[in-house]
Amino acid sequence: VQLVESGGGLVQPGGSLRLSCAASGFTFSRYIMSWYRQAPGKERELVAAITSAGGLTNYADSVKGRFTISRDNAKNTVYLQMNGLKPKDTAVYYCKVRFNGVNNWGKGTQVTVSS
């Protein structure tokens, strides 16, 4: 299993970013995919999740209405569109899949929201 995140960077408050996670090594279309984030000194937290066919999504209360998770099963990629970014969204963002009972993580992509 390999997960590679991209799309992070430095953005001003109120700005937008779109994160991507390219997956390989498993049948992507069969698995729930999730985005997590970890800010300095804090525990890793769930941001959003999407079912295998993309029909259901779930969001942390802190990002509802601002972030959108989506997936393209033809491209083995899951996305996180982030709008209305706030300084408290600053964190390393990770993609995760639970495969054969094991949580698999990417290396993460840094998102910094600052003026």
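What comes next concerns the included structure. Position numbers for residues start from 1 in each chain and track the written sequence from start to end. Local features in this predicted model are restricted to residues of pLDDT 70 or higher, and side-chain atom pairs are both shown and tallied only at a pLDDT of 80 or more, whereas totals for entire chains, interfaces and linings draw on every residue. Side-chain numbers here rest on the full set of heavy atoms in the structure, without hydrogens or water.

**Notes on the pattern of salt bridges**
- Only one rule defines a salt bridge in this text: a Lys or Arg side-chain nitrogen within 4 Å of an Asp or Glu carboxyl oxygen. In this structure the tally under the stated criterion is four salt bridges.
- A salt bridge links D89 to R37; the nearest nitrogen and oxygen atoms lie 2.9 Å apart. Residue D89 is located in the loop between strand 8 (77-82) and strand 9 (91-99), and its partner R37 is located in strand 4 (residues 33-38); the two are separated by 52 residues in the primary sequence. For the pair formed by D89 and R37, the shared burial category is buried. Helix and strand assignments come from DSSP, with helices taken as H or I runs of at least 4 residues and strands as E runs of at least 2, each series counted from the N terminus. Throughout this description, buried means an accessible area under 20% of the type-specific maximum (1.4 Å probe, protein chains only), exposed means over 50%, and partly exposed covers the range between.

**With respect to the state of the cysteines**
- Only a pair of cysteine sulfur atoms within 2.5 Å qualifies as a disulfide here. Tallied over the full model, the rule gives one disulfide.
- Linked covalently through their sulfurs, C21 and C95 form a disulfide whose S-S length is 2.2 Å. The disulfide joining C21 to C95 has a torsion of about -85° about its S-S bond and is therefore left-handed. Residue C21 is located in strand 3 (residues 17-24), and its partner C95 is located in strand 9; the two are separated by 74 residues in the primary sequence.
- The buried category is assigned to C21, whose relative accessible area is 0%.

**Concerning unusual backbone geometry**
- You will see that N76, though not glycine, has its phi angle at about 55°, which is positive.
- Here N76 lies in the loop between strand 7 (67-72) and strand 8.
- The phi angle at N100 is positive, at roughly 55°, despite the residue not being glycine.
- Here N100 shows up in the loop between strand 9 and strand 10 (102-105).

The quantities given are spatial measurements derived from coordinates; they are silent on function.
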